[in-house]
Amino acid sequence: MLLRKVEYARPPSVQEALRLLSERDGARALAGGQTLINVMKARAASPDFLVDLQDLDELREIELGSDGTLELGAMVTYSDLLSSAEARARPILGEVCATIADVQVRNRGTVGGNVCANDPTNHLPPLMVALGATMTVVGTGGERQVPAEEFFLGVYMTAAGPGELLTKISIPAGKGDGFAAVTIGKDGTCIVNAAASIDGGAPRVVIGCVDAVPVLLQPQSAEGDAVRTAVRDAKLDPPADFHASSDYRRTLAEVLAVRAVQQAQERKS
Amino acid sequence: MTISVEVDGTRYEREVDARRLLVHFLRDDLNLTGTHIGCDTGNCGACSIIYNGTLIKSCMVLAVQADGARIETVEGLAEEGELTDIQQAFSAHHALQCGYCTPGMLMSATALLRGNKSPSEEEIRRAIQGNICRCTGYVNIVEAIKSVSA
């Protein structure tokens, strides 16, 4: 027996899930479990009460609005996204999700879980910030919209607080997107990643794995020198570990930012 | 909590603790030890099963979550003692040495071939990316899967 003792419920509705999350001490939402169950094994997290979201079918929808806005339910798995015709409206999403871990994890891991876990090495937090996504967070008091750049608050911390649920991620129309990462093995954990989007004037570039939250940069142009300058001016102080020194991550941040912007620029037209 | 699951065509009802992992439930409660535990951290894929039609790792699901689920394990592949094509191909191509990863490899290969009758080598390699083998170097596993592709 690896996990600490825990209670479990499988509510049939979002309202019931919210009630349990807000009323029960130490309650935590269980989405795909591809992070949470592992951290529970390691006792890095020990919730007292798990609220399993698997029956909340309304959180599994993928919708493409007439204005091109793509809405992803929080319980959409990476594999759901990969097989969705609607999700191809923003191709970078499928391209990035296809490189997360392996088939088994992609079949079960969810987009909502990826952003709510907010592990600094996750793929989707920087991507969602670059794409200008909006997160719909609900609590017993109602619903609010949080821009992605305000959603990620710290390591493993997001604006979806205790008693709240992320229900939906809304992504505006666009196609000038790029993503680049250096990973530990093919499709492994990111050492540094960078996402970029150029759908207005200057690009939005977001670096992951270098700070507690994704770092949003707005270079003056998509030119390589401008992007490198923006990364340098951010005075990143990335963590060091046995995979990479702080200096190496800083160097990767520049290189990957340029690559992501180049890809975005090529696709813009 | 009482759960009811269908495993390889047989329905089981059992009392489980919420903290019990599905792989432990299969092996220790149902005595279906064909599904292996290699790492218990979600990396190795030896515990792979087909769960409501999709391939997953059973060490990253709680048994209580599986209430109502339909599960296929390596033990259900062969019918009446007759190995499936992919099982025979693993034997013919020497796609196992110690055999520890084989239950998971077979489930990944089975899931792949259900959705894609003629995968490319790249698709085969990506399909078994979540399954670690420390003996074969994967070459014979890929050959075995290729040999049963249409």
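Everything numeric in this text was worked out from a predicted model, so none of it was measured.

S.K.: What's the story with the overall build of chain A in this structure? I'm lost.
M.R.: Summing up its helical and strand segments, chain A has 10 helices and 14 strands in all. Dimensions of chain A, computed from C-alpha atoms along their principal axes, come out at roughly 55 × 45 × 35 Å. A fraction of 59% describes how many contacts in chain A between residues 6 or more apart in sequence connect residues 24 or more apart.

S.K.: Help me understand the sheet that holds strand 10 (residues 165–171) of chain A in this model?
M.R.: Two modes of strand pairing occur in sheets, parallel and antiparallel, and in both the strands are linked by backbone hydrogen bonds. All names here are of chain A. An order of 4-5-10-6-7 is seen for the 5 strands of this open sheet, with the pairing classed as antiparallel. The open sheet has two free edges, formed respectively by strand 4 (62–64) and strand 7 (142–147), since each of these has just one partner strand. Between one strand axis and the next, the sheet turns by 20° as a mean value, whatever way the strands run. Its contacts with the sheet place helix 1 (residues 14–23) against strand 6 (134–139) and strand 10, and it is angled at close to 125° to strand 10.

S.K.: Honestly, the interface of chain B and chain A in this entry has me stumped. Any pointers?
M.R.: Taken residue by residue, the interface counts 22 residues in chain B and 24 residues in chain A. Of the residues forming the side of chain B that touches chain A, the biggest block, 4 residues, is contributed by strand 4 (residues 54–57) of chain B.

S.K.: Honestly, the pairing of strand 2 (residues 27–30) of chain A in this entry has me stumped. Any pointers?
M.R.: Every regular strand shows the same layout, with side chains that alternate between the two sheet faces. All names here are of chain A. With 4 bridges connecting them, strand 2 and strand 3 (residues 49–52) associate as parallel partners. Residue pairing in the sheet places A29 in a bridge with V51 of strand 3. Handedness of the crossover joining strand 2 and strand 3 through helix 2 (residues 36–41): right-handed.

S.K.: Just checking my understanding: could you explain the domain arrangement of chain A for this structure?
M.R.: It is common to give the size of an interface as the accessible area lost on bringing the parts into contact. Domain boundaries in chain A define domain 1 (7–52), domain 2 (68–171) and domain 3 (177–268). A C-alpha centroid distance of 33 Å is found between domain 1 of chain A and domain 3 of chain A.

S.K.: Even after reading the chapter, I still don't get the pairing of strand 2 (residues 10–15) of chain B, so can you show me in this structure?
M.R.: Residue and element names in this part refer to chain B. Burial of strand 2 is sparse: only 0 of the 6 residues sit out of reach of the surface. The pairing of strand 1 (residues 2–7) with strand 2 spans 6 bridges and is classified as antiparallel. What sits directly across from I3, in strand 2, is R14.

S.K.: Can you walk me through the domain arrangement of chain B in this structure?
M.R.: Residues and elements named next belong to chain B. When cut into domains, chain B gives domain 1 (2–76) and domain 2 (85–147). Centre-to-centre separation of domain 1 and domain 2, based on C-alpha positions: 21 Å. The partner domain 2 presents 12 residues to the 14 residues of domain 1 that form the contact. Ranked by residues supplied to the side of domain 1 that touches domain 2, first place goes to strand 3 (residues 48–51) with 3 residues. Tallied by class, residues from the side of domain 1 that touches domain 2 come to 7 nonpolar, 7 polar and no charged.

S.K.: Is there a simple way to think about the environment of L81 of chain A in this case?
M.R.: Residues and elements named next belong to chain A. Inspection of the secondary structure assignment puts L81 in helix 3 (residues 78–82). Sequence-wise, L81 and L93 are 12 residues apart; in three dimensions their C-alpha atoms are separated by 7.9 Å. Apart from residues lying up to four places away in sequence, L81 is in contact with L72, V76, A87, L93, G94, C97 and V111.

S.K.: Would you explain the sheet that holds strand 1 of chain B in this entry?
M.R.: Residues and elements named next belong to chain B. Taken together, 5 strands build an open sheet; the order of strands is 2-1-5-3-4 and the sheet is mixed. Single-partner strands in this sheet number two, and they are strand 2 and strand 4. Across the sheet, the mean angle separating the axes of adjacent strands is 35° when strand polarity is ignored. With 4 bridges connecting them, strand 3 and strand 4 associate as antiparallel partners. By the bridge assignment for strand 4, Y51 is matched with T54. Helix 3 (residues 102–115) rests against strand 3 and strand 4 of the sheet, and its axis sits at about 40° to strand 3.

S.K.: Can you walk me through the confidence of the model for chain B in this structure?
M.R.: Caution is warranted with low-pLDDT regions, since their predicted coordinates should not be read in detail. Looking at chain B, pLDDT values average 97 and 100% of them are 70 or higher. Interface confidence in the predicted complex, given as ipTM, is 0.97; pTM for the same model is 0.97.

S.K.: What is the right way to read the packing of helix 9 (residues 224–233) of chain A against helix 10 (residues 246–268) of chain A from this model?
M.R.: Residue and element names in this part refer to chain A. Where helix 9 contacts helix 10, the axes come no closer than 9 Å and their chain directions differ by 140°. With respect to helix 10, the axis of helix 9 lies oblique. Helix-helix and strand crossings are classified by hand; for helix 9 and helix 10 the assignment is right-handed. The residues of helix 10 that touch helix 9, namely those facing G224, V227, R228 and V231, are A253, E254, A257, V258 and V261. Class assignment of the residues belonging to the contact of helix 9 with helix 10 gives a composition of 6 nonpolar, 1 polar and 2 charged.

Conventions adopted
Residues numbered from 1 in each chain as written. Chains lettered and ligands numbered in written order. Predicted model: local features only at pLDDT ≥ 70, side-chain atom pairs only at ≥ 80, totals over all residues. Helix = DSSP H or I, 4+ residues; strand = E, 2+ residues; numbered from the N terminus. Contact = placed C-beta atoms within 7 Å. Pairing = 2+ DSSP bridges. Axes fitted to C-alpha atoms, helices over the stretch in contact; angles between N-to-C directions. Right-handed = clockwise from strand over helix to strand, strands pointing away. Domains from an automatic or database assignment. Buried ≥ 20, exposed ≤ 12 C-beta atoms within 10 Å, placed from the backbone. Nonpolar A, V, L, I, M, F, W, Y, C, P; charged D, E, K, R; others polar. pLDDT = per-residue confidence, 0-100. Parallel < 35°, antiparallel > 145°, perpendicular 65-115°, else oblique. Left-handed = near helix turned anticlockwise from the far one by under 90°.

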